[in-house]
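# Coordinate analysis (summary)
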There are 2 protein chains.
Amino acid sequence: METATANDHLFVKMVLTAWDKQNKSLIDLTNQLGPERLAEETSPGKNSGHYLLGHLVAINDAMLPLLGFGQLLYPELEHIFIKSPDKSGLSKTPVEELKMALSTINEALNENFARASTEEWFGRHTVVSAEDFAKEPTRNKLNVVITRLTHMAYHLGQISLLKK
Amino acid sequence: METATANDHLFVKMVLTAWDKQNKSLIDLTNQLGPERLAEETSPGKNSGHYLLGHLVAINDAMLPLLGFGQLLYPELEHIFIKSPDKSGLSKTPVEELKMALSTINEALNENFARASTEEWFGRHTVVSAEDFAKEPTRNKLNVVITRLTHMAYHLGQISLLKK
């Protein structure tokens, strides 16, 4: 095992700073738009802001088991906002509840992030096998944060189209 | 100066892999949509796909001087696609030319990326002063790639709304 160096700490900090920035943008945008505008489609026939917000909250929640930090805090979100499309006919968790869920999930993620050592960050996440990880060491926990912040940015760009 | 470790190389690879993935998505999406659909607004009254493509190509070009790799290859793009809005009335560089420019710019970026040592990646980019960099060592060249790939994902999410 490598000894952690100053660069290792720096890199974890760079990724977590980028992650925080995306989450802050999501919260700001959600507050700015409000439930009524979020109910609108981001483009004609496309996902609503409400659905995309729920989708992003559900994906953050799914990071808890994926990173080995515990179970889903809001398992019902997966069915509504990941496994089903916007126009599924399912009743959507209201925006205010989603905002509270996001806050609780991010608190749990941040507590675990703060506790994780550099070795843990460069360790494998729970969905990759030890064999595959030996071949592809980029499939580590830190990489999950990179892919999830990119995913968040993608949908934030869409939700931002609801601004007048 | 820290000695480069296996983890250092690994996270440079993680960031460059994420960067490549975004660029590949941009190229695929551009090819899939074609100039006619790209000319449409991503949402009523919002930026067209054509403008956003030009914007992303111009931002990639601007990474060359920012990272100390050389001058802008297509300086005219900055005026049309960064400093001016979509509805500026300026004539837009055609989609096919933008695609060729993107290919040339990315080739130049990738050549320089492949040559850069870990020490260079963790060194300061050209817009941060030595004093500020001493205080904020996260403002390094690798972090520029993280912020730019996030920026690209944001606009890719918008362009993708043009898919039928």
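In what follows, the structure referred to is the one given above.
Residues numbered from 1 in each chain as written. Chains lettered and ligands numbered in written order. Predicted model: local features only at pLDDT ≥ 70, side-chain atom pairs only at ≥ 80, totals over all residues. Heavy atoms only, no water.

### A word on helix α4 (residues 95–115) of chain A
Our working definition: A run of H or I in DSSP counts as a helix once it spans at least four residues, and a run of E counts as a strand once it spans at least two, with each numbered from the N terminus. Expected span of a helix: the number of residues minus one, times 1.5 Å. Here, two residues are considered to be in contact whenever any of their heavy atoms come within 4.5 Å of each other.
Helix length check: α4(A) (21 residues) gives 30 Å between terminal C-alpha atoms against 30 Å at 1.5 Å per residue, within 8%. Its buried side turned inward, α4(A) meets α1 (6–38), α2 (49–66), α3 (75–81), α5 (118–121) and α7 (141–159) of chain A.

### Some details on the interface of chain A and chain B
Quick note on the threshold: By convention, the term buried area covers the 1.4 Å-probe accessible surface removed from two parts as they join, with the contributions of both added. In what follows, salt bridge is the name for a side-chain nitrogen of Lys or Arg lying within 4 Å of a carboxyl oxygen of Asp or Glu.
Counting from both sides, the interface comprises 34 residues of chain A and, opposite them, 34 residues of chain B. Counting each side, the surface lost to burial between chain A and chain B is near 3000 Å², with a carbon and sulfur contribution of 69%. Considering only the surface of chain A that becomes buried against chain B, N7(A), M14(A) and L161(A) emerge as the three largest contributors, covering 20% of it. At the surface where chain A touches chain B, the tally comes to zero salt bridges.

### Notes on the nonpolar core
What counts is decided by this rule: The term nonpolar core refers to a set of buried residues drawn from Ala, Val, Leu, Ile, Met, Phe, Trp, Tyr and Cys, joined through side-chain atoms within 4.5 Å. Throughout this description, buried means an accessible area under 20% of the type-specific maximum (1.4 Å probe, protein chains only), exposed means over 50%, and partly exposed covers the range between.
Of all hydrophobic cores here, the largest spans 92 residues; its most connected members are F11(A), F113(A) and F113(B). Discounting chain neighbours no more than four positions away, the residues touching F11(A) are F122(A), L142(A), I146(A), F11(B), M14(B), V15(B), F122(B), L142(B) and I146(B).

### Some remarks on the packing of α1(A) against α2(A)
All names here are of chain A. To keep it simple, the criterion reads: Fitted lines through C-alpha atoms serve as axes, helices being fitted only where they are in contact, and the angles separating the N-to-C directions of these axes extend from 0 to 180 degrees. Helix crossings fall into two classes, left-handed where the near helix is turned counterclockwise from the far one by less than a right angle and right-handed where it is turned clockwise. We call Asp, Glu, Lys and Arg charged. Ala, Val, Leu, Ile, Met, Phe, Trp, Tyr, Cys and Pro are nonpolar, and the rest, Gly among them, are polar.
For the pair α1 and α2, interaxial distance at closest approach is 10 Å and the crossing angle is 145°. Judged by the sense of rotation from one axis to the other, the crossing of α1 with α2 is left-handed. Across the interface between the two elements, W19, N23, L26, T30 and L38 from α1 touch G49, H50, L53, L56, N60 and M63 from α2. Its residues placed into classes, the contact of α1 with α2 shows six nonpolar, five polar and no charged.

### Description of the pattern of salt bridges
Residue and element names in this part refer to chain A. For the structure on display, the rule yields 18 salt bridges over all chains. D132 is the salt-bridge partner of K135, the closest N and O atoms lying 3.8 Å from each other. Of this pair, K135 and D132 both sit in helix α6 (residues 130–135), separated by three residues, roughly a single helical turn. Shared partners join several salt bridges into a network, and the residues in it are E41, D86, K87 and K92.

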